[in-house]
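# Observations on chain architecture
Residues per chain, in single letters:
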Amino acid sequence: MDNLFGEFLGTAILIIFGCGVVANVCLKGSKGENSGWIVITAGWGFAVMLGVFTSTSLGAPQGDLNPAVTLAKTMNGVYTPAQAGATMVAQVLGAIVGAIVVYLAYLPHWEATEDKASKLGVFSTIPAIRSYASNFLCEAIGTFILILMIFAMFHANNGKFPAGVGPYLVGILIWALGLSLGGPTGYAINPARDLGPRIAHAILPIAGKGNSDWAYSWVPVLGPIVGGIAAYIFAKMVGIL
C-alpha cells in the first residue's frame with residue numbers, strides 16, 4: 001500500500017492541470033476564454049505527464065492515476081485485488097481534491113459564467129451528441145487504445161527508455177487521443193477523472209450551477225472499465241503482454 005499517497009496526489013495534480021485548462025477555456029472572463037480544443041487537449045496531455053511524475057516521485061512506481069489502467073495491470077499480475085481496490089479509491093479521492101482546487105482557483109468566474117453546462121464541463125465530461133450506447137462505445141474504444149498503446153510503448157521490443165522518459169510518452173499519447181477520439185464524449189478514458197470531479201461539482205457551492213448529470217455518469221466509469229479489460233485480453237492474444 002506504499003503507492004497510495006502517490007496515486008492520490010498524482011491524480012490530484014492530473015485534475016488540477018486537466019480541469020484547470022478546461023476552466024481557463026470555458027469560464028467567462030478567463031484569459032484563455034474560447035481558446036479552443038487544441039488548448040484543452042494539450043493541457044490534458046501535460047496534466048497526465050505531470051501527474052505521473054508526481055505519483056512516481058512519491059513512491060507509486062506505476063503512476064496509473066486511472067482505475068481502468070490499474071484494473072488492466074491487476075489482470076496482468078501487477079496488483080493484488082486488495083491493492084487495486086485501495087489504489088482506485090486513492091485515485092478517486094485525489095480527483096475530488098484536485099477539482100476542489102480548480103474551483104477555488106477560478107472562484108470569481110463561476111458567478112460570471114451563466115451557462116450551467118460550461119460549469120459542469122469543467123468538472124466532468126458531457127457528450128457532444130447524447131446517445132448512451134454510442135457514448136459508452138466511444139469511451140470503451142478510447143480506453144482500449146490508451147491501455148493497448150501503454151502496453152505497446154513499454155514492450156521490451158521497443159527497448160528500455162531512459163529514466164524519466166515514460167511520463168512524456170504517456171502525455172503525448174493522451175494528447176493524441178484527445179485530438180483523434182475526444183470529440184464525441186470529451187474522452188474521460190478514466191473513471192476517476194470523471195467521477196471524482198463530478199462528486200466535487202455536486203458538493204461544492206458553485207454559483208448558478210445546474211445538476212451534476214448523474215444520468216450520464218455511468219458511461220465514463222463503465223466504458224473505460226470495459227475498454228481496459230478488452231485491452232488486456234487483446235494484448236495477451238497478440239503477444240504484447
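Residues numbered from 1 in each chain as written. Predicted model: local features only at pLDDT ≥ 70, side-chain atom pairs only at ≥ 80, totals over all residues. Heavy atoms only, no water.

The criterion, for reference: UniProt positions are given in the numbering used here, feature names are shortened, and annotations may be inferred rather than shown by experiment.
The protein chain is annotated in an unreviewed UniProt entry as Glycerol uptake facilitator protein of Pectinatus haikarae. On record in UniProt, under Sequence similarities (unreviewed entry), the comment for the protein chain is "Belongs to the MIP/aquaporin (TC 1.A.8) family." On record in UniProt, under Subcellular location (unreviewed entry), the comment for the protein chain is "Membrane".

## Let's talk about the pattern of salt bridges
Rules: Salt bridges, as used here, are contacts in which a Lys or Arg side-chain nitrogen is within 4 Å of a carboxyl oxygen on Asp or Glu. Buried residues are those whose accessible area, probed at 1.4 Å on protein chains only, stays under 20% of the maximum for their type, while exposed residues exceed 50% and partly exposed ones sit between those limits. Here a strand is any run of E in DSSP of at least two residues, a helix any run of H or I of at least four, and the numbering for each starts at the N terminus.
Enumeration according to the criterion identifies 3 salt bridges in this entry. Put simply, D64 and K73 hold a salt bridge, and the shortest N to O gap is 2.7 Å. Taking relative accessible area as the criterion, D64 reaches 8% and is therefore assigned buried. A relative accessible area of 11% means that K73 is categorised as buried. Among the ionic pairs, R198 bridges to D194, the shortest N-O distance being 2.7 Å. Here R198 pairs with D194, and both are found in helix α9 (residues 191-203), just 4 residues apart, close to one helical turn.

## Description of the packing of aromatic side chains
Where two aromatic rings form a pair, the distance of their centres and the angle of their planes describe that pair. Selection criterion: When the centres of two rings from Phe, Tyr and Trp lie within 6.5 Å, Trp using its six-membered ring, the rings pair. Their planes under 30 degrees apart give stacked, over 60 give edge-to-face, and anything left gives tilted.
Tallied over the entire structure, the rule returns 11 aromatic pairs. Ring pairing ties together the aromatic residues Y132, F136, Y216 and W218, which thus form one cluster.

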